[in-house]
Amino acid sequence: MTGARETVADPDAAELIALYEQMAVVRHTEQAAHDLFLSGLVKGTTHLAAGQEAVAVGASAALREDDYVFATYRGHHHALARGATPEECLAELMSRASGLCGAKGGSMHLTKASAHMLGSYAIVGAHLPMAVGAAWSARLRGTGQIAVAFFGDGATNIGAFHEALNLAAVWTLPVLFVCENNLYMEYTPIADVTAVASPAADRAPAYGIPGEVVDGNDVVAVRGAVTRLAGRARAGDGPGLLEARTYRHFGHSRADPAAYRPAEEVERWLKHDPLDVARGRLAGLGVPAGEVDAADGRAADLVRAAVEAAKDAPAPDPGQALTDVWADGGARWRT
């Protein structure tokens, strides 16, 4: 664990209401994805991040627009936090031509390279070494960018996690590892199969990397922690690791009713909802409840319009199926 930590100023009321509204957009988008799946308009499965909004929104608020972000298959909130619109995301889930990836990625592979959101990855832990590579590139080019890899608690028991931390430390790279610890590696409690209490942060000292644990449902706390660690990485002091304790509201995927979770655990975490935590902070700053409700209403309206636009969007052109495989835009194999 780290010792003394730099103090980061909390956001003012205007900044916090903006963060709240962004989290509300994510929450309404996730609910729309859930409803569209049940109505048969989203094919395949989805892995919803409702309940984990504060990690993506808080972290993004602490990053530069040109910083690189890598996410897991539970990555809707990261795509939205980095600039993807609800319409782009929902159209992608519904296999529409206007989707974020032109209907080629679906729920598990949301990517917006123009915003430096370099993908959502279905193979657990696979993107951590990729983030190390992006950080190496940034250092070689002297751009001052950092790379941020978001991953779940289950990835901490994957070899790529340890390989990535080791190389990042050896090369003193500007990369930040953020574990979204929602207590479950798919259906198995992480505590049942891991020897340490904090599966990510407790491993960081083995690689000489500072590790922190933060309340992942408090957008202000996440923003502050990422600001500190990102600043350290950007200054040339090497990688950092943040373990954000959070909780998913839904099961692992839409096929999972999550009956394995104790009812009292679910109830306890639902009372610590990221949106409610932010509402409490806003009330403490003297922001009227009506102003917060208005922000939520704007988010709901935005997503409702996005749903209708995505429904009306055309299907993809089959002729485009073999484009964008290689960097030149095509699929022709070259040796």
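Residues numbered from 1 in each chain as written. Predicted model: local features only at pLDDT ≥ 70, side-chain atom pairs only at ≥ 80, totals over all residues. Heavy atoms only, no water.

> An account of a nonpolar patch on the surface is requested, with residue identities and associated values reported.
A surface patch of nonpolar side chains, amounting to about 490 Å² of accessible area, comprises W136, L140, L167, V170 and W171. Contributions of two or more residues to the nonpolar patch are made by α5 (127-141) and α6 (159-170). With respect to the secondary-structure elements, V170 resides in helix α6. V170 gets classed as exposed once you look at its relative accessible area, which sits at 53%. (Patch = residues over 30% accessible without salt bridge, like charges linked within 9 Å, V, L, I, M, F, W, Y side chains within 5 Å. Areas by Shrake-Rupley, 256 points an atom, 1.4 Å probe, with all protein chains shown as cover. Salt bridge = Lys/Arg side-chain N within 4 Å of Asp/Glu carboxyl O. Helix = DSSP H or I, 4+ residues; strand = E, 2+ residues; numbered from the N terminus. Buried < 20%, exposed > 50% of the residue type's maximum accessible area, 1.4 Å probe, protein only.)

> Residues and numbers for unusual backbone geometry, please.
A positive phi angle, near 50°, is found at T172, a position not held by glycine. Residue position: T172 is located in the loop between α6 and β4 (175-181). Given the relative accessible area of 35%, T172 is considered partly exposed. At A258, a residue that is not glycine, the phi angle is positive and equals roughly 60°. Along the polypeptide, A258 turns up in the loop between β8 (240-245) and α8 (263-270). According to the relative accessible area criterion, A258 is buried, its value standing at 9%.

> How would you summarise the environment of Q31 if you had to cite specific residues and measurements?
Here Q31 lies in helix α1 (residues 13-38). For Q31, a relative accessible area of 35% corresponds to the partly exposed category. With 272 residues separating them along the chain, Q31 and V303 place their C-alpha atoms 9.6 Å apart.

> Can you tell me about the packing of α1 against helix α9 (residues 274-284), naming the residues and giving the values?
Between α1 and α9, the least distance of the axes is 10 Å, while the angle of their chain directions is 160°. Taken together, α1 and α9 sit at an angle that is classed as roughly antiparallel. In the packing of α1 onto α9, the handedness of the crossing is left-handed. Here A13, L16, I17, Y20, M23, A24 and R27 of α1 lie close against α9, whose contacting residues are P274, L275, A278, R279, R281 and L282. Across the contact of α1 with α9, the residue classes tally to 10 nonpolar, no polar and 3 charged. (Axes fitted to C-alpha atoms, helices over the stretch in contact; angles between N-to-C directions. Parallel < 35°, antiparallel > 145°, perpendicular 65-115°, else oblique. Left-handed = near helix turned anticlockwise from the far one by under 90°. Contact = heavy atoms within 4.5 Å. Nonpolar A, V, L, I, M, F, W, Y, C, P; charged D, E, K, R; others polar.)

> Lay out α1 with the relevant residues and their values.
In this model α1 runs 37 Å from its N-terminal to its C-terminal C-alpha over 26 residues, within 8% of the 38 Å that 1.5 Å per residue would give. Where α1 begins, one side-chain oxygen reaches toward the backbone nitrogen of A14, 3.2 Å away; that side chain belongs to D12. In the stretch just after α1, G40 is the one whose phi turns positive, near 85°. (Expected span 1.5 Å × (residues − 1). Polar contact = N/O pair within 3.5 Å; in protein donor to acceptor, adjacent residues only side chain to side chain.)

> I'd love a proper account of the packing of aromatic side chains, names of residues and values included.
Per the stated rule, a full pass over the model turns up 7 aromatic pairs. Each residue in the set Y184, Y187 and Y260 is aromatic and connected to the rest through ring pairs, giving one cluster. (Phe/Tyr/Trp six-rings, centres within 6.5 Å; stacked < 30°, edge-to-face > 60°.)

> Lay out the sheet that holds strand β7 (residues 211-215) with the relevant residues and their values.
Pairing is parallel in the open sheet, where 6 strands are placed in the order β2-β1-β3-β4-β8-β7. Sheet topology places β2 (117-121) and β7 at the edges, where each strand pairs with a single neighbour. Strand-to-strand twist in this sheet, taken as the mean axis angle between neighbours without regard to direction, amounts to 20°. Of the strands in this sheet, β1 (68-72), β2, β3 (147-152) and β4 touch α5, which is tilted by about 170° from β3. (Pairing = 2+ DSSP bridges.)

> Break down the pairing of β8 for me, citing the residues and quoting the values.
A large share of β8 lies buried, amounting to 5 of its 6 residues. Where β7 meets β8, 5 bridges bridge the pair, whose relative direction is parallel. By the bridge assignment, E212 is partnered in β8 with L242.

> So what's going on with the pattern of salt bridges? Residues and values would help.
Applying the stated criterion to the full structure yields 15 salt bridges. Ionic pairing is found between E21 and R298, a salt bridge with its closest N-O pair at 2.7 Å. Of this pair, E21 sits in helix α1 while R298 is found in helix α10 (residues 289-312), placing the two residues 277 residues apart along the sequence. In this structure, the salt-bridge partner of D324 is K104, at a minimum N-O distance of 3.4 Å. On the criterion of sequence distance, the pair formed by D324 in the segment after α10 and K104 in the loop between α4 (86-93) and β2 is long-range, its members being 220 residues apart.

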